[in-house]
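Listed below are the residues making up each chain.
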Amino acid sequence: MSKRNVVVTGVSVITSVGVGVDAFWSAVCRGEVGTGKLTRFSPEGLRSDRAGEIKNFDDTKAFRHLDPTPHQRGTRLAMSASRMAVEDAKLSAGSLEGVSERAGVVMGVVVANRPGLEAPYGQGHKQPEGRKPVSLRAHDVALVSEVPASELGLRGPSLVIPTACAAGNSAIGCAMDLIQDGHADLMLAGGVDELSPAMLMMFSLFDAMSTDVVRPFDKNRRGLILSEGAAVLVLEAEEHARARGAHIYGRVLGHGNFADAHDMTHPHPEGLGARLAMESALRESGLSPKDVHYVSAHGTGTPTNDPTEARAIRDLFGSHTDSLPVSSIKSMLGHSQGAASAIESVACLMAMRDGVVPPTVNFTEADPECQALDVVPNQARKHRVQVAMNNAFGFGGNISCVVFGQ
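Not measured: the values here are computed from a predicted model.

Calculation criteria
Residues numbered from 1 in each chain as written. Predicted model: local features only at pLDDT ≥ 70, side-chain atom pairs only at ≥ 80, totals over all residues. Heavy atoms only, no water. Helix = DSSP H or I, 4+ residues; strand = E, 2+ residues; numbered from the N terminus. Rg over C-alpha atoms; globule rule 2.2 N^0.38 Å. Buried < 20%, exposed > 50% of the residue type's maximum accessible area, 1.4 Å probe, protein only. Contact = heavy atoms within 4.5 Å. Salt bridge = Lys/Arg side-chain N within 4 Å of Asp/Glu carboxyl O. Axes fitted to C-alpha atoms, helices over the stretch in contact; angles between N-to-C directions. Parallel < 35°, antiparallel > 145°, perpendicular 65-115°, else oblique. Left-handed = near helix turned anticlockwise from the far one by under 90°. Nonpolar A, V, L, I, M, F, W, Y, C, P; charged D, E, K, R; others polar. Pairing = 2+ DSSP bridges. Phe/Tyr/Trp six-rings, centres within 6.5 Å; stacked < 30°, edge-to-face > 60°. Polar contact = N/O pair within 3.5 Å; in protein donor to acceptor, adjacent residues only side chain to side chain. Domains from an automatic or database assignment. Buried area = accessible area lost by both parts, 1.4 Å probe.

### Re the overall build of the chain
Piece 1. On a plain count of helices and strands, the chain comes out with twelve helices and 14 strands.
Piece 2. Against the compact-globule benchmark of 22 Å for 406 residues, the chain has a radius of gyration of 20 Å, which places it among compact chains.
Piece 3. If one aligns the C-alpha atoms of the chain with their principal axes, the spans along those axes are about 60 × 55 × 40 Å.
Piece 4. By the burial criterion, 60% of the 406 residues in the chain qualify as buried.
Piece 5. In the chain, the proportion of contacts linking residues at least 24 apart, taken out of those at least 6 apart, comes to 78%.

Written out as structure tokens, the structure reads:
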């Protein structure tokens, strides 16, 4: 049996530069930086006080049936992004009921709901006076998919994928497979993460945090800045989407998932996993490297990630690299962990829609180690994009690549 085409019919984003696709995409195309001084909690003991925070956003409004009160910020952000994506796809409660057993949710995460446990249990497992006892169930990672499924009445697959910072792409690839293989007709797929004191401390101890801004592929880059966010894509079997007259943003053409099998924190020096994942995604898409018009880079701004990714891109794309825009929106948003590649997937779809590639901001000096990539420095660019590749790399060598097409 031939596999079904998978299309994107709804998108949502919640980021440090804007909430909602229009606000997000407009800010990204302007090169707006959403990182700044950390206010969510004290930066005491950290080597950097920078973070990308979502501000002035009510993450409880998406709940229509369930009570948002018991839920942690990660679950509420996942629910908010899911509601926004469903509404963007023009799916009403009635239409979801009609497909409920053939529709599900898959979310990528790194920390998910764990940050809420860090404050009380970081003090010798003592409950601070005046605070209610912590509900361990509220911190269950499964809730980031379970709650949207329950709230929206989706009875199909409900999954959480914790493949580190590749998780958003991994979730999209998993949802694509479920639809292609006939296990679902419609899936909500994306990623979510909130800011975590423990994660900030970990990267601080690694000396991997920038003290001002993120400078991907720049010779003067000093590290990443952690942020929070969420993004969800509504994926459908093409025949299902067309039967209900849905607007289609594009197709998910293919994905590749590989492991560096090299080190828990450092990428393979030759970018082995990255190249394998990109090659696999193109092979599944039925495309060659020269068919790609834009690469959304993982681009963290760390000393080790950027040259490794650049080497893998140059090795795969060869001379086509010279005319291939490769940019990193983490230069603006910071690194939103499990949500990062889901957000960047939305950017790929918007680049195809508008014929505009987003910039890599804060760029001042090219690094010879980064293989002379065209990083679209500091200003968005008009560019025809019919095929976009989205890269995501995670700790433990988790690599995931997704290819989108018009």
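Moving on from the model shown.
### Thoughts on the environment of aspartate 58
Piece 1. Position of aspartate 58 relative to the elements: it lies in the loop between β3 (50–52) and α2 (73–88).
Piece 2. Residues aspartate 58 and valine 21 lie 37 residues apart in sequence; the distance between their C-alpha atoms is 16 Å.

### Let's talk about the pattern of salt bridges
Piece 1. In this structure the tally under the stated criterion is 26 salt bridges.
Piece 2. A salt bridge links aspartate 185 to arginine 102; the shortest N-O distance between them is 3.1 Å. A residue pair is termed long-range when its members are at least 10 positions apart, and aspartate 185 in the loop between α6 (167–180) and β6 (186–193) and arginine 102 in the loop between α3 (93–98) and β4 (103–108) qualify at 83 residues.
Piece 3. Here arginine 242 and glutamate 238 are joined by a salt bridge, their closest N and O atoms 2.8 Å apart. In this pair, arginine 242 and glutamate 238 both sit in helix α8 (residues 238–243), four residues apart, roughly one turn of the helix.
Piece 4. The class of glutamate 238 is buried, set by a relative accessible area of 16%.

### As for unusual backbone geometry
Piece 1. A positive phi angle, close to 55 degrees, is found at alanine 164, a residue other than glycine.
Piece 2. With respect to the helices, strands and loops of the structure, alanine 164 is situated in the loop between β5 (158–161) and α6.
Piece 3. Of note, glutamine 337 is a non-glycine position whose phi angle comes to about 60 degrees, a positive value.
Piece 4. Take glutamine 337: it is sitting in the loop between α11 (330–333) and α12 (340–354).

### Looking at the packing of helix α9 (residues 272–285) against helix α10 (residues 305–317)
Piece 1. At a minimum axis separation of 9 Å, α9 and α10 run at an interaxial angle of 45 degrees. Viewed along their axes, α9 and α10 adopt a mutual orientation that is oblique. Regarding α9 and α10, the two cross each other, and that crossing is right-handed. For the pair α9 and α10, contact is made by Ala274, Arg275, Met278, Glu279 and Leu282 and by Ala312, Ile313, Asp315, Leu316 and Phe317, respectively.
Piece 2. Of the residues belonging to the contact of α9 with α10, the class tally is seven nonpolar, no polar and three charged.

### Digging into the pairing of strand β7 (residues 229–237)
Regular strands show a simple pattern: their side chains alternate between the two faces of the sheet.
Piece 1. The element β7 is largely enclosed, with a buried count of nine among its nine residues.
Piece 2. Note: strand β1 (residues 6–14) against β7, eight bridges, orientation antiparallel. Paired with valine 7 across the strands is glutamate 236, a residue of β7.
Piece 3. Taken together, the eight bridges between β6 and β7 define a ladder with antiparallel strand orientation. In the strand pairing of β7, glycine 191 is matched with alanine 231.

### Observations concerning the packing of aromatic side chains
Piece 1. Following the criterion strictly, the structure yields one aromatic pair and no others.
Piece 2. Ring centres 6.2 Å apart and planes at 85 degrees place the aromatic pair phenylalanine 203 and phenylalanine 206 in the edge-to-face group.
Piece 3. Taking the relative accessible area as the measure of exposure, phenylalanine 203 reaches 6% and is therefore buried.

### Notes on the pairing of β6
Piece 1. For β6, the buried fraction is high: eight of the eight residues fall into the buried class.
Piece 2. The two faces of β6 match: Leu186, Leu188, Gly190 and Val192 on one face and Met187, Ala189, Gly191 and Asp193 on the other face are all buried.

### Structural notes on the side chain of aspartate 306
Piece 1. Structurally, the position occupied by aspartate 306 is in helix α10.
Piece 2. Side chain to side chain, aspartate 306 and asparagine 305 meet in a polar contact 2.9 Å long.
Piece 3. Those residues in contact with aspartate 306, other than ones at most four positions away along the chain, are Arg215, Pro216, Phe217, Arg221, Gly299, Thr300, Gly301 and Cys370.

### A short note on the domain arrangement of the chain
Piece 1. Split into domains, the chain comes out as domain 1 (7–250) and domain 2 (253–405).
Piece 2. Between the C-alpha centres of domain 1 and domain 2 there is a distance of 21 Å.
Piece 3. At the junction of the two partners, domain 1 supplies 68 residues and domain 2 supplies 69 residues.
Piece 4. Around 4900 Å² of area is buried between domain 1 and domain 2 when both sides are counted, 65% of it from carbon and sulfur atoms.
Piece 5. On the domain 1 side of the contact with domain 2, Trp25, Asn169 and Phe217 bury the most area, a combined 19% of that side's loss.
Piece 6. Viewed at the interface, domain 2 and domain 1 are joined by three salt bridges.

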